[in-house]
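In case you want the letters, here they are:
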Amino acid sequence: MTGLASGAVVDSARASGRAALIGYLPAGFPTFDGGVALLTAMVEAGVDVVEVGLPYSDPVIDGPTIQAAADVALRSGTKTADVLRTVEAVAKGGAAVVVMTYWNPVLRYGVDAFARDLAAAGGAGLITPDLIPDEAGEWIAASDAHGLERIFLVAPSSSDARIETTVGACRGWVYAASTMGVTGTREQTSSVAPALVGRVRAATPLPVCVGLGVSSGEQAAEVASYADGVAVGSAFVRCVLDATDETDALRAIARLTSDLAAGVRRTSA
Amino acid sequence: MTSPASSGIGRFGPYGGRYVPEALIAALDELAAAYEKARGDEDFQREFRRLLTEYAGRPSLLYDARRLSAELGARILLKREDLNHTGAHKINNVLGQVLLAHRMGKRRVIAETGAGQHGVATATAAALFGLECVVYMGAVDTERQALNVARMRLLGAQVVPVHTGSKTLKDALNEAFRDWVATVDTTHYVIGTVAGPHPFPEMVRDFAAPIGVEARAQCLDLLGRLPDAVIACVGGGSNALGIFTAFVPDTSVRLYGFEAGGEGLDSGRHAATLTGGSPGVLLGAHSYVLQDEDGQTRESHTISAGLDYPGVGPEHAYLHDTGRAVYRPITDAGAMAAFELLCRTEGIIPAIESAHAIAGAREVAGELGPDAVLLVCLSGRGDKDVATAAKWFGLLDESGPIT
């Protein structure tokens, strides 16, 4: 049984005149239980959609912060099955949960089997940073069969024709990568993201969420002024890496979530 | 388990494709279009040939290695890529790519390197064309290949040691990829092997292909016939495809690729991707990968920095599955024995990578017998490996360096 659709959650935030807050942490970071507790704390403090990362050995579009988190998760023995168990634990609390994953672990698990087990765990779908729709035939079929969302990425370098194709393959929402580069917090939000979101809107009625670089309520408010959702990853990971212990990490996650949640509401007209 | 070829772009059977972030697609499309144009452009081809001849020193010699032949029990012809400028076959691909990048108006090139041969070749071509050059190299490799680090710096390149993951070639590739995602407007990524997303596997193969075209003609001149087998070492696989490609249609010619077997396949400590791995996606293409049951990449192990990579080019995966080429592992010990043999019989110090091909030739000679003619790609020279080899053979004084 598929869980709460993240697209519906983003839509309902939009209907209430604000942007949705999307929060990322890898599963198994810093441990299995610790990861579930942190993700649950995020939801309680105001994250609308949870992105559970599948830690991978070769994260080529992640910067040093998320690489470090993936290393911790893999060294603590996190398996693909643990990622699915994390999804199940967080989804049980009523949150909309998607998995963000590089493609090889899914290919290895079996694309249809992964889709089936993700749906059974209550997951809503997948964000696939290194799978473009052109190569996604098997995933498109599996996600159709199991009722899952497909969140592909668009980038500032995407042509209008590619945006058209990509949003046509998306289900749920569209992930707009705000900058050309890897994940990580940045001092300034992207100047090219508003134009990219505008081009996506011209091609689809689906909600458009923006990620890469957001770390504060102020930046979240700025992105929320033109996007339907604000995705935050490295800043959450940083909270955990910098924390002295688990309690401190939970407190830091809650504090950042509250700041970001206020940010996505600040622009409501 | 195979993956469907959804797009059919850049596929070799089920292998290849483009498993990369959308951010890179525009650049890959631009590169594919520029390459397609260059391929049919007589000016480009003439300039590429001129660089190979006047700058790299092609054609490379085909050397009838009589004393080695007597030892191995078959006639061995060595294709002397070690005699190219910069000391390895890598210069062929790099001159092609940097010429193309220059034509595309790129001001900066980046590269990954394992043994340092590809980094040196890229730094060389960047100096020749006046381009900025950054080379990523695993921190383990900057130590074991210190000489090549110095060479790159002398040529004006910035060498960035990579401290993530296993600190070897795989991590250098990841870091070069991260750089490229952020700088793709101004930068060309000179991938050093027949791997990566389309169009790299095809383009790199084509730029390396003069090796086989020359060797085929040289064999016909020398023997009046084709060789019985063509032999090369395989890491990512560019020297192997470089020498294989001209022979692929010659079905009477057997093709053998020798992978780095490290401490042996059973030990789990090796870099033999085709013989010890399984299909998967790594570095932007579907091919064979060394991976665990969850699809996490396994670390590779080999004495040869240039073969120390848990992936392999997608066209090799296809040649492997179809049986057109045969792939086998050679252990560190087997490679080093062959290394010593070539030094002592022919006065040629090979790269440790190439020593895997010599060790393979010993196996093939045993199977095909004394009348067989084996064409072996001697892909690079061994100056960079002298310290590693001296350590292996116990030539170092305990108290310090060789004096």
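Residues numbered from 1 in each chain as written. Chains lettered and ligands numbered in written order. Predicted model: local features only at pLDDT ≥ 70, side-chain atom pairs only at ≥ 80, totals over all residues. Heavy atoms only, no water.

Remarks on the pattern of salt bridges
All names here are of chain B. How we decide: Salt bridges are counted wherever a side-chain nitrogen of Lys or Arg sits within 4 Å of a carboxyl oxygen of Asp or Glu. Helical segments are the DSSP runs of H or I of at least four residues, strand segments are the runs of E of at least two, and each set is numbered from the N terminus. Residue exposure (1.4 Å probe, protein chains only): buried if accessible area is under 20% of the type maximum, exposed if over 50%, otherwise partly exposed.
According to the stated counting rule, one finds 47 salt bridges over all chains in the structure shown. Two residues, Asp-41 and Arg-103, come together in a salt bridge whose shortest N-O distance is 3.1 Å. Separated by 62 residues along the polypeptide, Asp-41 in the loop between helix 1 (25-39) and helix 2 (42-55) and Arg-103 in helix 4 (residues 90-103) bring together distant segments of the chain. Classification of Asp-41 as partly exposed rests on a relative accessible area of 24%. On the basis of relative accessible area, Arg-103 is assigned to the partly exposed category, the value being 43%. With its nearest N and O atoms 3.1 Å apart, the salt bridge here joins Glu-315 to Arg-205. Here Glu-315 is found in helix 13 (residues 314-322), whereas its partner Arg-205 is found in helix 9 (residues 200-208), with 110 residues between them in sequence.

Quick look at the sheet that holds strand 5 (residues 108-113) of chain B
Residues and elements named next belong to chain B. Note the following rule: Strands are treated as partners if at least two bridges between them are detected by DSSP. Between N-to-C directions, angles span 0 to 180 degrees; the directions come from axes that are lines fitted to C-alpha atoms, helices contributing only their stretch in contact.
Strand order in this open sheet of 4 strands is 7-6-5-8, and the pairing throughout is parallel. Looking at which strands have only one partner, the edges of the open sheet turn out to be strand 7 (158-162) and strand 8 (187-189). Neighbouring strand axes in the sheet, compared pairwise and without regard to direction, differ in orientation by 20° on average. Where strand 5 meets strand 6 (residues 132-138), 6 bridges bridge the pair, whose relative direction is parallel. Across the sheet, Glu-112 pairs through a bridge with Tyr-136, a residue of strand 6.

As for the sheet that holds strand 13 (residues 325-331) of chain B
All names here are of chain B. Put simply, the rule is: Two residues form a contact once any of their heavy atoms are found within 4.5 Å.
If you walk across this open sheet you meet the 6 strands as 3-4-14-9-10-13, and the pairing is mixed. Strand pairing shows two members of the sheet lacking a second neighbour, strand 3 (62-64) and strand 13, which therefore form its edges. The average undirected angle you get between the axes of adjacent strands in this sheet is 30°. Where strand 9 (residues 229-234) lies against strand 10 (residues 254-262), 6 bridges are found, and the strand directions are parallel. Residue pairing across strands places Ala-232 opposite Gly-257, the latter belonging to strand 10. In the packing of helix 13 onto the sheet, contacts are made with strand 9 and strand 13, and the angle to strand 13 comes to roughly 105°. Where helix 14 (residues 332-346) meets the sheet, its contacts fall on strand 3, strand 4 (75-80), strand 10, strand 13 and strand 14 (373-378), and the angle it forms with strand 13 comes to roughly 90°.

Some details on the interface of chain A and chain B
Rules: Here the quantity called buried area is the total loss of accessible area, with a 1.4 Å probe, experienced by two parts when brought into contact, counted for both. What qualifies as a polar contact is a pair of N or O atoms within 3.5 Å, subject to a donor-acceptor requirement within protein and to the restriction that residues adjacent in sequence count only when both atoms come from side chains. Throughout, the ten residues Ala, Val, Leu, Ile, Met, Phe, Trp, Tyr, Cys and Pro are labelled nonpolar, Asp, Glu, Lys and Arg are labelled charged, and all others, Gly among them, are labelled polar.
Of the residues lining the interface, 37 residues belong to chain A; the matching set on chain B comes to 37 residues. Regarding the contact of chain A and chain B, the summed buried area is about 3200 Å², with carbon and sulfur atoms giving 49% of it. Of all residues in chain A, Val60(A), Arg108(A) and Glu135(A) give up the largest surface area on contact with chain B, accounting jointly for 23% of the area buried on that side. The tally of links from chain A across to chain B stands at 5 salt bridges. As a salt-bridge pair, Asp58(A) and Lys170(B) come within 3.0 Å of each other at their nearest N and O atoms. At the boundary of chain A with chain B, the tally comes to 21 residue pairs in polar contact (both at pLDDT 80 or more). Where the side of chain A that touches chain B is concerned, the elements lending two or more residues are helix 3 (64-75), helix 5 (103-109), helix 7 (137-146), strand 6 (153-154) and helix 8 (160-169) of chain A. No other element matches helix 5 of chain A, which puts 5 residues into the side of chain A that touches chain B. The residue inventory of the side of chain A that touches chain B, partitioned by class, reads 19 nonpolar, 9 polar and 9 charged.

Observations concerning the packing of aromatic side chains
Operational definition: Between the rings of Phe, Tyr and Trp (Trp by its six-membered ring), a pair exists once the centres lie within 6.5 Å; its type follows the angle of the planes, with under 30 degrees stacked, over 60 edge-to-face, and the other angles tilted. Our definition puts a charge over a ring when NZ of Lys or CZ of Arg is within 6 Å of the ring centre and also within 35 degrees of the ring normal.
Taken as a whole and judged by the stated rule, the model has 14 aromatic pairs over all chains. For the pair Tyr256(B) and Phe258(B), a centre-to-centre distance of 6.4 Å together with 15° between the ring planes defines the contact as stacked. Judged by its relative accessible area of 4%, Tyr256(B) falls in the buried class. When its relative accessible area of 0% is taken as the criterion, Phe258(B) is described as buried. An aromatic cluster is defined as three or more aromatic residues linked by ring pairs; in this entry it consists of Tyr35(B), Phe44(B), Phe48(B) and Phe207(B). The ring centre of Phe32(A) lies 4.1 Å from the NZ or CZ of Arg85(A), which sits over that ring. Taking NZ or CZ as reference, Arg80(B) lies 6.0 Å from the ring centre of Tyr63(B), over its face.

Here's the deal with the confidence of the model for chain B
All names here are of chain B. To keep it simple, the criterion reads: Confidence of the predictor at the level of single residues is given by pLDDT, which spans 0 to 100.
On average, residues of chain B score 95 in pLDDT, and 97% of them are at 70 or above. For the stretch residues 1-5, pLDDT sits under 50, and the model shows 14 contacts to residues farther than four places along the chain or on other chains. Across the predicted assembly, pTM comes out at 0.95 and ipTM at 0.95.

Examining the pairing of strand 9 of chain B
Residues and elements named next belong to chain B. Worth spelling out the cut-off: The path from the first strand over the helix to the second decides the hand: if it runs clockwise while the strands point away from the viewer, the crossover is right-handed.
Burial analysis of strand 9 places 6 of its 6 residues in the buried class, which makes it a mostly covered element. Burial along strand 9 is two-sided: the residues Ala-229, Ile-231 and Cys-233 and Val-230, Ala-232 and Val-234 are all buried. The parallel pair strand 9 and strand 10, bridged by helix 11 (residues 238-244), forms a crossover whose chirality is right-handed. Across 3 bridges, strand 9 lies against strand 14 in parallel orientation. Looking at the pairing, Ile-231 lines up with Val-376 of strand 14.

Here's the deal with the nonpolar core
Counted only if it meets this: To qualify as a nonpolar core, a set must consist of buried Ala, Val, Leu, Ile, Met, Phe, Trp, Tyr and Cys residues joined through side-chain atoms within 4.5 Å.
Within the largest apolar cluster, 93 residues are counted, with the highest numbers of intra-cluster contacts made by Leu25(A), Trp103(A), Trp139(A), Val230(A), Phe236(A) and Ile253(A). It is helix 12 (residues 246-266) of chain A that contributes the most residues to this core, 7 residues altogether. Setting aside residues no more than four positions away along its own chain, Leu25(A) makes contact with Leu38(A), Leu39(A), Met42(A), Glu51(A), Val52(A), Gly53(A), Phe236(A), Val237(A), Val240(A) and Ile253(A). Counting residues in hydrophobic clusters, the runner-up holds 65 residues, among them Val20(B), Leu24(B), Ile110(B) and Leu131(B).

A closer look at helix 13 of chain B
What helix 13 of chain B keeps buried is the set Pro314(B), Glu315(B), His316(B), Ala317(B) and Leu319(B). Following helix 13 of chain B by one or two positions, Gly323(B) adopts a phi angle in the positive range, close to 80°.

Here we look at unusual backbone geometry
A cis amide bond links Phe29(A) to the next residue, Pro30(A), at an omega of 0°. The backbone of Thr86(B) shows a phi angle near 80°, a positive value even though the residue is not glycine. The buried category is assigned to Thr86(B), whose relative accessible area is 8%.

A short note on the environment of Val264(A)
Here Val264(A) lies in helix 12. Look at Val264(A) and you get buried, because its relative accessible area is 0%.

A few points about helix 5 (residues 117-129) of chain B
All names here are of chain B. Spelled out, the test is: For a helix, the expected span equals 1.5 Å multiplied by the residue count minus one.
The terminal C-alpha atoms of helix 5 lie 18 Å apart, and with 13 residues this matches the ideal 18 Å at 1.5 Å per residue to within 8%. Contacts from the buried residues of helix 5 go to helix 2, helix 4, strand 5, strand 6 and helix 7 (146-154). At the exit of helix 5 stands Gly-130, carrying a positive phi of roughly 70°.

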